[in-house]
Amino acid sequence: MRAGGLALLCLCAVSCAKVDYVEIAPSQVVLKRRGEGMWLRAKPMSRNGVYYPRLAVEWRSDDPKVARIDATGQLTAGGSGHAIVTATAGGRAATVDVDVQTVETVRVTPSKVALKADDPAVRPEVEPLDGAGHLLRNRTIEMKAADENVADVDGEQIWPVGPGHTFVTVRADDRSGSIEVTVTGTGKGTKKGKRRQ
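Residues numbered from 1 in each chain as written. Predicted model: local features only at pLDDT ≥ 70, side-chain atom pairs only at ≥ 80, totals over all residues. Heavy atoms only, no water.

A few words now on the environment of Pro110. Relative to the assigned elements, Pro110 resides in the loop between strand E10 (105-109) and strand E11 (112-116). Judged by its relative accessible area of 39%, Pro110 is partly exposed. Sequence-wise, Pro110 and Glu180 are 70 residues apart; in three dimensions their C-alpha atoms are separated by 9.0 Å. (Helix = DSSP H or I, 4+ residues; strand = E, 2+ residues; numbered from the N terminus. Buried < 20%, exposed > 50% of the residue type's maximum accessible area, 1.4 Å probe, protein only.)

Once that is clear, we can look at the pattern of salt bridges. One pass over the full model with this rule turns up eleven salt bridges. When the shortest N-O distance is used, the salt bridge between Arg47 and Asp20 registers 3.5 Å. Highlighted residues: Arg47 in the loop between strand E4 (41-45) and strand E5 (58-61) and Asp20 in the loop between helix H1 (3-15) and strand E1 (21-25), separated in sequence by 27 residues. Two residues, Asp174 and Arg175, come together in a salt bridge whose shortest N-O distance is 3.6 Å. You can call Asp174 partly exposed: its relative accessible area is 35%. Residue Arg175 is classed as partly exposed on the basis of its relative accessible area of 29%. Linked through salt bridges whose partners overlap, the residues forming this network are Arg34, Glu104, Asp174 and Arg175. (Salt bridge = Lys/Arg side-chain N within 4 Å of Asp/Glu carboxyl O.)

The next subject is the sheet that holds strand E8 (residues 81-89). With mixed pairing, four strands are arranged side by side in an open sheet as E2-E9-E8-E5. Strands with a single pairing partner mark the edges of an open sheet, and in this sheet they are strand E2 (28-31) and E5. On average, each strand axis in the sheet is inclined to that of its neighbour by 25°, with strand direction left out of account. Bridging between E8 and strand E9 (residues 92-100) involves nine bridges; their strand directions are antiparallel. In the sheet register, Ala87 faces E9, and the bridge partner there is Ala94. (Pairing = 2+ DSSP bridges. Axes fitted to C-alpha atoms, helices over the stretch in contact; angles between N-to-C directions.)

Now for the packing of aromatic side chains. Applying the stated criterion across every chain yields a total of zero aromatic pairs. Sitting above the plane of the Tyr51 ring, Lys43 keeps its charged end 5.0 Å from the centroid. (Phe/Tyr/Trp six-rings, centres within 6.5 Å; stacked < 30°, edge-to-face > 60°. Lys NZ or Arg CZ within 6 Å of the ring centre and 35° of its normal.)

What follows concerns the confidence of the model for the protein. Taken residue by residue, the protein gives an average pLDDT of 89. The fraction at 70 or more is 86%. pLDDT under 50 marks residues 3-13. Its contacts with residues more than four places away, or in other chains, come to four contacts. Considering only residues more than four positions removed or in separate chains, one finds that residues 191-197, a stretch of pLDDT under 50, has 16 contacts. (pLDDT = per-residue confidence, 0-100. Contact = heavy atoms within 4.5 Å.)

This paragraph deals with the nonpolar core. Of all hydrophobic cores here, the largest spans 23 residues; its most connected members are Leu40, Trp59, Leu75 and Val85. Of all elements in the fold, only E1, E2, strand E6 (67-69), strand E7 (74-77), E8 and E9 reach the threshold of two or more residues within this core. Beyond its immediate sequence surroundings of up to four residues, Val85 is in contact with Leu40, Trp59, Arg60, Ser61, Ile69, Leu75, Ala94, Thr95, Val96 and Val98. Membership of the second largest hydrophobic core comes to 20 residues, among which are Ala117, Ala145, Ala151 and Val183. (Core = buried A, V, L, I, M, F, W, Y, C linked by side-chain atoms within 4.5 Å.)

Here's what the structure looks like:
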């Protein structure tokens, strides 16, 4: 077959394609961190199960602040919320629901702690919340004291070390909260960087 005939055949394969529906995979998406991404794949199909891989697919998100998608089908999480992504090909469209469960706020209770130097450790309640205020479970919590001569952090516990005033930063993913810590007295406290026995 001549090159011209082959080109005409390819052109007909595209222009003559009758798309009855579009398949999107995966059919549902949950993203948990800002900037997290994945690829979506759209398949223009005929009702007889014929796939038209040469047809162009147009992608669109109804809320790019929540989830944005480029022309190649690469999806990226923006912020907490729900978005609908649409793939259009051959005059037919399909949608996929995208839930983005990013941490928007870190709620710490209590926000202030007053300890004596020989008090036991306290464990604050840390709640990573999405944009609607819903609790997000199974998130890694990191805590760090600004002045470890006043307070020491061991896991999710705060130990008094010596008299003074400091803040403990509590981080979940890329969001943070803080606890104001005041320590009084001249007890033994805890050794810096080690859990008190």
